[in-house]
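# Architecture at a glance
Letter by letter, the chains look like this.
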Amino acid sequence: MGRTKRLPDEEVAYNYFKAVLKENNQDCTGQEEDQAFESFSAHLVLKGFSLPYTDVEDGIVGGHEDGGIDSLYALLNGQLLSNGSLGEIDTHFLSKRTPLDLYFIQSKNSFSWRADVWPKMGSALKLMLSDLSQSSNLHKLEKSGFSDVIKRFAINLNETRHALDGVMPLMRVHCIYVSFASRSKLSDLALSRGDILRNAVKKLLPTDSVVEVDYWDCIQIVRAGSQSANHKVTLHIYDQAIIENDLKGNGNGKKPKNFVALVTLENYLNFIQKKGGNGIDDDMFEENVRGYAGHAVDVNKAIQKTLTRDSDTHFWWLNNGITILADETYDNTNTEWVIENPLIVNGLQTSYTLYDAFAEKTITAKRLQEYLLVRVITSKDEGIRQDIITGTNNQNSIQKLQLHANDELQIRIENYLSGYGWYYERRKYQYKNSHKPQRRIRNLTELSQAVMAYRLLEPDQARARPTTFLNKSGGKGWDLVFPEDVDITLYLKALQVQDKVDTFLKTPEALNISSDSTNARFYLNSCYSLQSSNVNSIDAYKRLRVSSLKDDPTDSVLKQLLQKFVKVSKNFDSSTMKNDQLYKSTEFRDKLFEEILNG
């Protein structure tokens, strides 16, 4: 990046960027720094969604055939759609007008703005957002010269939009240009071309869609970087709370408290909705060990029936209430409480059934003003939190998978990995604001995917159906990934190999072979584990002890494996439309493994 005269705010933004690189042990210059800035920008723009590190990295597509797009993401009601695909999401539980957010980010590691960014992106979006079910549009996309990753994202997104026809999603497109430059340096030409892009994209979408063209400058970078990752929500209660105790002050003049209160159904609905009322805030329910069972379950039928009819029996008399865990709580007034990082650990069925009735407008006006019993418990102590989660969910028999955060093995894994600089997030957000290097944090799904690929040789499951695999046959998949008698070094080895694979796939050497890191990453993990074991069959590999498995792949070995991955891919069907399904198939996996075993 050339040295030009920098304004003070630009200097602050750049220094912050360098500090983040240092925190992540990245010492880079030139082209490497440009690539690091693409990653930095994407993580910053999507910070509010609290996505796993690898999910954000998977969306980075910058290269010679990127169509003016360095990273791209699709989120349905705040949930990431991997490569634009619905994956394991069940559309039957989605409310009408569920928001579908599309992010297209261009990142320039510079202190100036370029006017040619928007026209390039506009040409790409014209193809990507067209109806690809029409063969003429699909043909244009295939002949566009864009990378396979961008083509596949466009095709998956097109299929996703058609699958959501019954939901009529609210489309929101965010075109974002990130630079260290101050907005004051923006030329009239760059601004006018941004307006042209906005109008052109709006013509491709339904009338009520939202299109945003935004410039993230030095000030926006610093502002986003300094924002707390804590999630604060206001809960309005009836009259006064019953407060158990006043705990030690938190330094800001407020005292966190445990309390029980009555809350109107209307105020509770406001509490659990995303900002702007765009659906329920699913992040609040991450700790709840029992998934939403839907309308078919008797208890939810009963709740639904109660909500649609007025009676002299008040709602809270018939309901067990809600239990919320919080990092901190404090009252602004007697009836207005701020809850920091709320996690609803009991009451998911009530919450979702209540929200569905509200969204479908079947709840009566009288019921909306009736009450719900809510208890809020303030604690950051892991042991206490686990006791509460377990204790409030013992009413029914539940699978081991649903109580994963409380397993002794999960705690052992977390403690073991921390000794090697890996931070296992067995409870979502437990490392929020901890200043741990983001690239060294892995959640349960990410660790499971690494083990599926490295030890179980199931890269197709890791790529396409990790959650389904863990849940299969009443938790059989879970027991394969986390067996009670496991050699705990497995998890470190699996993570180390996956990290080295992911790092290699970003190198120019790898990108010259394939830019499809999303589909290649788990296959390369499996192929390395299989090849380095020097066995002649899958059965022989499965008999090996974990201690004999290798975990130090070199770039030259990974290059060879990536070339085989591409070779086998071409021997199947190179059609862009079919590629995504190809890598989710056992046929491709078995053919690739055969290639590896035959040398």
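All figures in this text were calculated on a predicted structure; none of them were measured in a lab. (Residues numbered from 1 in each chain as written. Predicted model: local features only at pLDDT ≥ 70, side-chain atom pairs only at ≥ 80, totals over all residues. Heavy atoms only, no water.)

### Description of the overall build of the protein
Across its full length, the protein holds 24 helices and 15 strands. Burial status across the protein gives 53% buried among its 599 residues. Expressed as a percentage of contacts within the protein between residues at least 6 apart in sequence, the contacts between residues at least 24 apart total 75%. Total accessible area on the protein stands at roughly 27000 Å², and carbon and sulfur atoms take up 48% of it. (Helix = DSSP H or I, 4+ residues; strand = E, 2+ residues; numbered from the N terminus. Buried < 20%, exposed > 50% of the residue type's maximum accessible area, 1.4 Å probe, protein only. Contact = heavy atoms within 4.5 Å. Areas by Shrake-Rupley, 256 points an atom, 1.4 Å probe, with all protein chains shown as cover.)

### Quick word on unusual backbone geometry
Trans is the prevailing form of peptide bonds, just as negative phi is the prevailing case for residues other than glycine. Positive phi values are uncommon outside glycine, yet Asn83 reaches one of about 55 degrees. By the secondary structure assignment, Asn83 is in the loop between β2 (79-80) and β3 (99-108). Of note, the phi angle at Asn341 is positive, near 55 degrees, even though the residue is not glycine. One can find Asn341 in the loop between β11 (336-340) and β12 (343-346). Among the residues examined, Asn341 registers a relative accessible area of 8% and is labelled buried.

### Things to note about empty space enclosed by the protein
This structure, assessed with the given rule, holds 2 cavities of 30 Å³ or more. Roughly 80 Å³ of internal volume is contained in the largest cavity. Around the largest cavity, the lining residues are Thr54, Trp422, Arg442, Glu446, Gln449, Ala450, Leu495, Gln498, Asp499, Asp502, Arg521 and Phe522. Taken together, the elements giving at least two residues each to the lining of the largest cavity come down to α15 (444-454), α18 (489-504) and α20 (517-532). For the lining of the largest cavity, the leading source of residues is α18, giving 4 residues. Here the residues of the lining of the largest cavity sort into 4 nonpolar, 3 polar and 5 charged. (1 Å grid on protein atoms, 1.4 Å probe; cavity = no way out; pocket = protein on both sides within 12 Å on 5 of 7 lines; lining within 4 Å. Points joined across faces, edges and corners; volume = space filled by probe spheres on them. Nonpolar A, V, L, I, M, F, W, Y, C, P; charged D, E, K, R; others polar.)

### Digging into the nonpolar core
In this structure, Ile413, Phe482, Tyr491, Leu524 and Phe565 are the most contacted members of the largest nonpolar core, which totals 56 residues. Those elements that place two or more of their residues in this core are α14 (408-418), α15, α17 (466-481), α18, α20, α21 (538-542), α22 (555-572) and α24 (586-597). For this core, the element with the highest residue contribution is α18, accounting for 8 residues. Beyond its immediate chain neighbours, meaning those up to four positions away, Ile413 contacts Tyr424, Leu447, Phe482, Ile488 and Tyr491. (Core = buried A, V, L, I, M, F, W, Y, C linked by side-chain atoms within 4.5 Å.)

### Overview of the sheet that holds strand β6 (residues 232-236)
Across the sheet, 3 strands lie side by side as β6-β11-β10; this open sheet has antiparallel pairing. Taken across any chain shown, the strands that pair with only one partner, and hence form the sheet edges, are β6 and β10 (328-333). Direction aside, neighbouring strands of the sheet carry axes that sit 25 degrees apart on average. (Pairing = 2+ DSSP bridges. Axes fitted to C-alpha atoms, helices over the stretch in contact; angles between N-to-C directions.)

### Thoughts on the packing of aromatic side chains
The tally for this structure, following the rule as stated, stands at 29 aromatic pairs. On the numbers, 5.9 Å between centres and 85 degrees between planes, the contact of Trp118 with Tyr177 is edge-to-face. Here Trp118 is found in helix α4 (residues 117-128), whereas its partner Tyr177 is found in strand β4 (residues 170-179), with 59 residues between them in sequence. Note on accessibility: Trp118 and Tyr177 belong to one class, buried. One aromatic cluster is present, built from ring pairs that chain together Tyr14, Tyr16, Phe17, Phe37, Phe40, Phe111 and Phe180. In this arrangement the basic side chain of Arg440 is found over the ring face of Trp422, its NZ or CZ atom lying 3.8 Å from the centre. (Phe/Tyr/Trp six-rings, centres within 6.5 Å; stacked < 30°, edge-to-face > 60°. Lys NZ or Arg CZ within 6 Å of the ring centre and 35° of its normal.)

### Some words on the confidence of the model for the protein
Close inspection of predicted coordinates is inappropriate in any region flagged by low pLDDT. In this model, the protein carries an average pLDDT of 85, and 86% of its residues clear a pLDDT of 70 or more. Low pLDDT, under 50, characterises residues 287-297; the predicted model gives this stretch 43 contacts beyond four residues in sequence or across chains. Low confidence marks residues 394-402, where pLDDT is under 50. Its contacts with residues over four positions away, or in another chain, come to 20 contacts. (pLDDT = per-residue confidence, 0-100.)

### What about the packing of α14 against α18?
At a minimum axis distance of 9 Å, the contact between α14 and α18 shows a crossing angle of 55 degrees. It follows that α14 is oblique to α18 by the angle criterion. Along this stretch, α14 crosses α18, giving a crossing that reads as right-handed. Each of Leu409, Ile413, Tyr416 and Leu417 in α14 lies in contact with α18, whose residues at this interface are Thr489, Tyr491, Leu492 and Leu495. Per-class residue counts for the contact of α14 with α18 are 7 nonpolar, 1 polar and no charged. (Parallel < 35°, antiparallel > 145°, perpendicular 65-115°, else oblique. Left-handed = near helix turned anticlockwise from the far one by under 90°.)

### Description of the packing of helix α9 (residues 265-272) against helix α11 (residues 348-359)
To describe two helices that pack against each other, one gives the angle between their axes and the distance between the axes. Contact pair α9 / α11: the axes reach a minimum separation of 11 Å and the direction vectors enclose 100 degrees. Between α9 and α11, the crossing angle belongs to the class labelled roughly perpendicular. Here Leu265, Tyr268, Leu269 and Ile272 of α9 lie close against α11, whose contacting residues are Ser351, Leu354, Tyr355 and Phe358. Considering only residue class, the contact of α9 with α11 consists of 7 nonpolar, 1 polar and no charged.

### Focus: a nonpolar patch on the surface
Taken together, the side chains of Trp316, Trp317 and Leu318 present a nonpolar region at the surface, about 350 Å² in accessible area. In this structure Trp317 comes out as exposed when scored by relative accessible area, which is 52%. (Patch = residues over 30% accessible without salt bridge, like charges linked within 9 Å, V, L, I, M, F, W, Y side chains within 5 Å. Salt bridge = Lys/Arg side-chain N within 4 Å of Asp/Glu carboxyl O.)

### Considerations on helix α8 (residues 218-226)
Restricting attention to buried positions, one finds in α8 the residues Cys218, Ile221, Ala224 and Gly225. For α8, the angular spread of buried residues about the axis comes to 135 degrees, placing them on one side. (Arc of directions from axis to C-beta.)

### As for the pairing of strand β8 (residues 257-264)
Summarising burial for β8: 6 of the 8 residues are buried, a large majority. Direction of pairing for β8 relative to strand β13 (residues 371-378): antiparallel, over a ladder of 6 bridges. For Thr264, the partnering residue across the bridge sits in β13 and is Tyr371.

### Considerations on the side chain of Glu57
Locating Glu57 in the fold gives a position in helix α3 (residues 53-58). There is a polar contact of 2.8 Å between the side chain of Glu57 and the side chain of His43. Discounting chain neighbours no more than four positions away, the residues touching Glu57 are Ser39, His43 and Lys506. (Polar contact = N/O pair within 3.5 Å; in protein donor to acceptor, adjacent residues only side chain to side chain.)

### Describing the environment of Phe358
Following the sequence through the fold, Phe358 ends up in helix α11. With 51 residues separating them in the primary sequence, Phe358 and Leu307 have C-alpha atoms 9.2 Å apart. The residues touching Phe358, leaving out its near neighbours within four places in the chain, are Leu269, Gln273 and Ile363.

### A look at the sheet that holds strand β1 (residues 71-76)
As summarised here, the arrangement of the 5 strands in space is β2-β1-β3-β4-β5, forming an open sheet in which the pairing is mixed. Edge positions in the sheet fall to β2 and β5 (210-216), since each of these pairs with one other strand and no more. One ladder, built from 6 bridges, connects β1 with β3; its direction is antiparallel. Note that in β3 the partner of Ala74 across the bridge is Leu102. Sheet strands in contact with helix α7 (residues 188-202) are β4 and β5, and its direction is about 155 degrees off that of β5.

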